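Single-letter residue listing:
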Amino acid sequence: MWDLNNSANQNSLTVRLLAWILLISSGITLIAVVVQLRSSFQDDLKELDLRLEQIRISTLSSITKSLWNFDEEQLRLQVNSMLDVNDVVQVTVNWTNWDDHPRAITASDKAEPMGERQMTRIYPLVYSDINTSEQHLGDLSIVVSLDSVYKKLWQRARFIIAMQFTKSLLVSLAIFFLIRSLFTRHLAHIASYASNLSLRNLNQPLRLGRKNEQNDELGNVVRGFNIMRTSLLRDIEMRRSMSQQLVHEQQQKLDFIKQQQEAESASQAKSFFLAAMSHEIRTPMNGIIGMTELLGDTELDETQQHYVNIMRRSGDSLMHILNDVLDYSKIEANKVIFENYPFNLHDLLDDCSQIYTRQAQQKDLNFRIVRHPSVPNKVTGDPTRLRQVIVNLLSNSVKFTDRGQVILSTRLENTDDQHVLIRFTVSDTGIGITESSIANLFEPFKQADTSTTRRYGGSGLGLAICKRLVQIAHGDIGVESEPGEGSTFWFTFQLKLQEEEKEVLPENSNGEKAESGSTTSLPQAGDGLNVMLVDDNNVNIIVAQKILAKFNIEPVIANNGLEAVELFERYPGKFPLILMDIEMPVMDGIKATHIIREFESENELRACQIIAITAHEKGEHTDNAYTAGINDHLSKPLTIKAFAELFNRIGIQEMSNSE
């Protein structure tokens, strides 16, 4: 048997439903009772009014006649007789005597005292006959008690309320048990199923235990619940599959990150290796090329001069290959930074022409530059990288051409308000390139064929470097060639138009600014100019000393950064120029430069010129040196020309020792 208390505790919805049914039915019952009682009360009042009307009809004329005849005794009898009528508790006749004194006869029911609930009716006493017109003699006042009416009203109310509430309770209980049987017990089963649902029993469908599946609301709920359960099973399976896929992808990502880190480590190791090799190669090359240049500046016979020239060209070729390898390494590591400053494009082309005019003449080649008038003169960009591409193409054309001509031409490809796209073309009548070889021509370490490398040399990196540099400059590069007919290499290079009409001297191939006109004589330092040379390599010191002697400079030697700092602090402000090697034992040049700059600041000394001498190309190493406080730099191998350009830039003729 179903427990009501248990239902009250566990099935609050059922209890609330029963309470609402009782509340609503009670409200409806109350309204019905009130309406019914009001109707009964009105009926009782109408019945009472009917009795009073009968009294008026039966007694009003006789009372009027007795009053007209001044028969008070008869009048009293008539008034007292009216008390026999049910619910009449007081009768009063009011009139005015002939002498205008008010008179009244009153009869009251002593057995039934007057209460608060009463009703009074007043009727006028008007007499008239054939000989007399209507005369208002007085008034008849009848007071009726309503106690019996209210008594019957409360009796009816108790009966009706008892009946109605009994009926409402029985109906509510019937509805409650019906809802319990058809609805709430199934909801309890659904709630129990849902609370016990887990991954272990998710395969078990929900069933209500009814004889037949019905298409009612509960059937829809069960079907919806089972559909949700099926969807959950599919979703769980999909999530399990996704989880496995995510784990797999995460593992792949971790493997990729690991491979990327290994690749970055390998790239860093390669960069460190190349930087170390650059330093190690440039240091002895500085001695070879420097000494070769110094040897070539002495009195030699024709054979000796020929040998020196071979040594110089071999050293230049080796440096060119080294620079190509380092440049391509930087490009692969995305460490190439394009500078952006104004320069004169025509002067840059003239500078390139000067480099290869003599070589072309030695091979009896016609070398010329064709400038289109639409090409602007003053532009902004990176002249060093542009010169590098032009020089590489010119070098190849001169190298692979034995007769005929080499032509460098320019024309305007495209322009807008701020930028120009210039097309550079290098044409030659050299050996040409087969169509099958053109496809791989701009790939690293690729040449037309292996015999090319054996006959003409080269690293096979030049054109690959040119392609990457041109792409960085938002341009393109290509070639048209026929074997035995020559080749035409072209590339486009984007530059900005100068906003102001100003000219900045282009830079040479080492990234150092060149003078607009070359001088035949070397700039000479003043007599006795104190110059400190800081280097730990004896060969480098000897080369630098011999070269500096040509500029009237006899340097003071410091073998490492610590000796340089001690020497500078011992003679504060006495060295207007310091040539500082970067990589040295005990203390490197960057730290020494930083200490010297701090010493100058603390002692309010005029800043000296500190020039970094490094075996590295311009890049991260020189950037750190500039941050430490150097003014300029020279890259090894050191040459007389490089020193001349440096001293012209810093104005060595005007330098003097501090007093």
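This is a predicted model, so every value here is computed, not measured.

## So, the overall build of the protein chain
In terms of regular secondary structure, the protein chain is built from 16 helices and 16 strands. Buried positions account for 39% of the 659 residues belonging to the protein chain. Long-range contacts, defined here as pairs at least 24 residues apart, represent 70% of the contacts in the protein chain between residues at least 6 apart. As displayed, the protein chain offers around 38000 Å² of accessible surface, 52% of which is attributable to carbon and sulfur atoms.

## Concerning the packing of aromatic side chains
According to the stated counting rule, one finds 9 aromatic pairs in the structure shown. Judged by centre distance (5.3 Å) and plane angle (45°), the ring pair of Phe 41 and Tyr 150 falls under tilted. Here Tyr 150 lies in helix 4 (residues 147–195) and Phe 41 lies in helix 2 (residues 12–68), a separation of 109 residues in the sequence. Here Phe 41 falls in the buried class, since its relative accessible area comes to 16%. Plain terms: the ring middles of Phe 551 and Phe 647 are 5.0 Å apart, the flat faces sit at 85° to each other, and that makes the pair edge-to-face.

## Examining the packing of helix 13 (residues 561–570) against helix 14 (residues 589–602)
It is the contact of helix 13 with helix 14, at a shortest axis distance of 9 Å, that shows an interaxial angle of 15°. It follows from the interaxial angle that helix 13 and helix 14 lie roughly parallel. Handedness of the helix 13/helix 14 crossing: right-handed. The segment helix 13 lies against helix 14, with Gly 561, Val 565, Phe 568 and Glu 569 engaging Ala 592, Ile 595, Ile 596, Phe 599 and Glu 600. Among the residues forming the contact of helix 13 with helix 14, the class breakdown is 6 nonpolar, 1 polar and 2 charged.

## Points about the sheet that holds strand 2 (residues 102–108)
Spatially, the 4 strands line up as an open sheet ordered 2-1-4-3, and their pairing is antiparallel. Each having just a single partner strand, strand 2 and strand 3 (118–127) make up the two edges of the open sheet. Neighbour to neighbour, the strand axes of the sheet diverge by 15° on average, direction disregarded. Against the sheet, helix 3 (residues 72–81) contacts strand 1 (88–96) and strand 2, and its axis sits at roughly 40° relative to strand 2.

## Concerning the pattern of salt bridges
Summed over all chains, the structure comprises 15 salt bridges. Here Asp 44 and Arg 156 are joined by a salt bridge, their closest N and O atoms 3.0 Å apart. Note that Asp 44 is positioned in helix 2 and Arg 156 in helix 4, a separation of 112 residues in sequence. The residue Asp 535 makes a salt bridge to Lys 636 at a minimum N-O spacing of 3.9 Å. Of this pair, Asp 535 sits in the loop between strand 12 (531–534) and helix 12 (538–549) while Lys 636 sits in the loop between strand 16 (632–635) and helix 16 (640–650), and the two are 101 residues apart along the sequence. Take Asp 535: its relative accessible area is 3%, and that puts it in the buried class. According to the relative accessible area criterion, Lys 636 is buried, its value standing at 2%.

## Things to note about the sheet that holds strand 13 (residues 556–558)
Pairing is parallel across the open sheet formed by 5 strands, whose spatial order is 13-12-14-15-16. Both edges of this open sheet fall to strand 13 and strand 16, since each of them pairs with a single strand only. Each strand of the sheet is rotated relative to its neighbour by a mean of 20°, with strand direction disregarded. Pairing geometry for strand 15 (residues 609–614) and strand 16, over 4 bridges, is parallel. The residue of strand 16 that forms the bridge with Ala 612 is His 633.

Conventions we followed
- Residues numbered from 1 in each chain as written.
- Predicted model: local features only at pLDDT ≥ 70, side-chain atom pairs only at ≥ 80, totals over all residues.
- Heavy atoms only, no water.
- Helix = DSSP H or I, 4+ residues; strand = E, 2+ residues; numbered from the N terminus.
- Buried < 20%, exposed > 50% of the residue type's maximum accessible area, 1.4 Å probe, protein only.
- Contact = heavy atoms within 4.5 Å.
- Areas by Shrake-Rupley, 256 points an atom, 1.4 Å probe, with all protein chains shown as cover.
- Phe/Tyr/Trp six-rings, centres within 6.5 Å; stacked < 30°, edge-to-face > 60°.
- Axes fitted to C-alpha atoms, helices over the stretch in contact; angles between N-to-C directions.
- Parallel < 35°, antiparallel > 145°, perpendicular 65-115°, else oblique.
- Left-handed = near helix turned anticlockwise from the far one by under 90°.
- Nonpolar A, V, L, I, M, F, W, Y, C, P; charged D, E, K, R; others polar.
- Pairing = 2+ DSSP bridges.
- Salt bridge = Lys/Arg side-chain N within 4 Å of Asp/Glu carboxyl O.

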